[in-house]
There are 2 protein chains.
Amino acid sequence: MFENVSLSRRRIALLLEYDGTRFAGSQYQPGLPTVQGALEEAVLRTTGEPVRAAFAGRTDAGVHARGQVASFDTAGALAPEVIQRALNAWLPRDVAVLEAVEAAPDLDVRRDARRRHYRYVIDNRPVRPALDRERAWHVPGDLDVAAMDRAACQLVGRHDFAAFASALESPDAGTVRELYAFTVRRAGTQICCDLVANAFLPHQVRRMVGALTIVGQGRMAEAAYAALLDAPPSTAGPAAPAHGLYLMSVEYDAPLFATRLDSEVVVC
Amino acid sequence: MFENVSLSRRRIALLLEYDGTRFAGSQYQPGLPTVQGALEEAVLRTTGEPVRAAFAGRTDAGVHARGQVASFDTAGALAPEVIQRALNAWLPRDVAVLEAVEAAPDLDVRRDARRRHYRYVIDNRPVRPALDRERAWHVPGDLDVAAMDRAACQLVGRHDFAAFASALESPDAGTVRELYAFTVRRAGTQICCDLVANAFLPHQVRRMVGALTIVGQGRMAEAAYAALLDAPPSTAGPAAPAHGLYLMSVEYDAPLFATRLDSEVVVC
């Protein structure tokens, strides 16, 4: 009368920081170093279970994360704090689990995400940076940050961002997204572009920032920047390089984590 | 009647930024990657002349610089701006010349330096950092920054810092130094220790910061920290690791460079 009783599956959600420099992106690719591959290997060593990890946002090769969210399932009984410590012991030094929590078994870290915050960092010094060479995009010369901020603000709202999209992952999802904030400010010799939206299309942030620097250089009018929304798909840009981009945080209906990230945004 | 006329020698001073991670320190060592070695090779490619470069401050393996000063001599006529661009083209990506200027032929970048500013950065988050793993010392747990700042302030002044010194480079120079500022403040999850002195003994900053974290952890009284000055030579510490330390700037009687570095210090 006894049947095989499957152990109840638990879903563990992780808050991740990583340095994207060495990775071929967040998403698993056979034979290449990826954040997902590194995480799944660390989970296997921790729980003994082969898993597929889910990520809230896909990040390209070279893109960093200060608050990526991932999840995996386990049939084991390890406490989240124990899982966190074990993962940090097994993970390579350029990936860290900032927090691990027990999540609802039906949490979909990608579909259930309500807001994503990306930051793009420009190094505006005359000379190429040595220390931040993989942490910021070097754009020498005068940049009119006030003009960039005004131009950026025009794009806030619900729009079809197809002009800024590269090859779509899931064409069914369409190209309309809602941008909640897009601000540009100077911090010393750096310029920070903060973008918050319900979701972003592939390469959208990098193309929006790439075109915005042309406004900053005085080579494109602010109105022309807004008009890029009407350009044919995948024609606005050029895309800024990956290494200046950070996935700062992902928000859900209810907060998943207790960790406070240093990532306040000024809403325009 | 014609004699060999030696071309007039010029002294070029350089403002350097570097990432110390990959280097066995600033000072030339045969067969090892050093900042001096990289710079001398870039000068050879630029001017065709083999040179010995002088550095204002010696930095250990792993120590970074945002404002190191170096110099070399040349018999050539290249303008400083041309030298700067050529050096940046030849130097590896983890070293950059922020500025090059024509200096007085008798400038001794080491002996003529009046003040050195070092910054030590502590990452005070609970989990090891992925992005800043080579940029800050990870010290988890509560740190009483106000107590650290008060304790640090006691050491400002002219003192014999032998207790904090490791093997001396030039024992003749003695171990008395004048500390002009030593402040500790929190910036988000980081803690910045800023030290300004006429000069520092080898490992002095790292030992002073290493002992200071023990004050911050409540395991040493503030008065006991000041009393470390009376300890036998090379016994105060432990030394904080190299990768949290930055040589921020070096000052001379008259400013050598026009570049403004982001390195303001709060004087206690």
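Residues numbered from 1 in each chain as written. Chains lettered and ligands numbered in written order. Predicted model: local features only at pLDDT ≥ 70, side-chain atom pairs only at ≥ 80, totals over all residues. Heavy atoms only, no water.

**Here we look at the interface of chain A and chain B**
Between chain A and chain B, the contact holds 30 residues from the first and 30 residues from the second. Taking both sides of the interface into account, the surface hidden between chain A and chain B amounts to around 2400 Å²; carbon and sulfur atoms contribute 43%. B:Glu134 is the partner of A:Arg93 in a salt bridge, and the nearest nitrogen-oxygen pair spans 3.1 Å. Linking chain A with chain B are 18 residue pairs in polar contact (both at pLDDT 80 or more). Going through the elements one at a time, β1 (10-18), β3 (64-74), α2 (80-90) and β4 (95-103) of chain A are the ones with two or more residues in the side of chain A that touches chain B. No other element matches the 4 residues that β4(A) contributes to the side of chain A that touches chain B. Across the side of chain A that touches chain B, the residue classes break down as 13 nonpolar, 5 polar and 12 charged. (Contact = heavy atoms within 4.5 Å. Buried area = accessible area lost by both parts, 1.4 Å probe. Salt bridge = Lys/Arg side-chain N within 4 Å of Asp/Glu carboxyl O. Polar contact = N/O pair within 3.5 Å; in protein donor to acceptor, adjacent residues only side chain to side chain. Helix = DSSP H or I, 4+ residues; strand = E, 2+ residues; numbered from the N terminus. Nonpolar A, V, L, I, M, F, W, Y, C, P; charged D, E, K, R; others polar.)

**Some thoughts on the relation of the copies chain A and chain B**
Of the transformation placing chain A onto chain B, the axial shift is 0.0 Å and the rotation is 180°, giving an RMSD of 0.0 Å. The transformation just described matches what one would write down for a two-fold rotation axis. By C-alpha distance to the rotation axis, the residue of chain A lying nearest is A:Asp132, at 5.4 Å. Mapped onto chain B, 100% of the interface residues of chain A are again interface residues, and the two copies thus contact each other with one and the same surface. (Least-squares fit on C-alpha atoms with pLDDT ≥ 70 in both.)

**Structural notes on the environment of B:Arg85**
Residue and element names in this part refer to chain B. Along the chain, Arg85 falls in helix α2 (residues 80-90). Relative accessible area serves as the criterion here: at 58%, Arg85 is assigned to the exposed category. Here the alpha-carbon distance between Arg85 and Thr46, two residues 39 residues apart in the chain, equals 9.5 Å. (Buried < 20%, exposed > 50% of the residue type's maximum accessible area, 1.4 Å probe, protein only.)

**Brief notes about the side chain of B:Thr74**
Tracing the backbone through its elements, the reader meets B:Thr74 in strand β3 (residues 64-74). A polar side-chain atom of B:Thr74 sits 2.5 Å from a polar atom in the side chain of B:Glu49.

**With respect to the nonpolar core**
Membership of the largest hydrophobic core comes to 81 residues, with the highest contact counts inside it found for B:Leu39, B:Leu87, B:Ile122, B:Phe182 and B:Tyr225. Residues contacting B:Tyr225, with those up to four places away along its chain left out, are B:Ala151, B:Ala152, B:Gln154, B:Leu155, B:Phe182, B:Met208, B:Ala211, B:Leu212, B:Val215 and B:Met220. (Core = buried A, V, L, I, M, F, W, Y, C linked by side-chain atoms within 4.5 Å.)

**Digging into the packing of aromatic side chains**
All names here are of chain B. All told, the structure shown has 6 aromatic pairs over all chains when counted by the stated rule. Each ring, one from Tyr118 and one from Phe200, has its centre 5.3 Å from the other, and the planes form 90°; the classification is edge-to-face. In this pair, Tyr118 is assigned in strand β5 (residues 115-123) and Phe200 in the loop between β9 (190-197) and α4 (204-216), connecting sequence segments 82 residues apart. Here the two residues Tyr118 and Phe200 agree in accessibility, since each one is buried. (Phe/Tyr/Trp six-rings, centres within 6.5 Å; stacked < 30°, edge-to-face > 60°.)

**Focus: the environment of A:Ser249**
Residues and elements named next belong to chain A. Locating Ser249 in the fold gives a position in strand β10 (residues 245-251). By relative accessible area, which is 13% here, Ser249 ends up buried. With 131 residues separating them along the chain, Ser249 and Tyr118 place their C-alpha atoms 7.3 Å apart.

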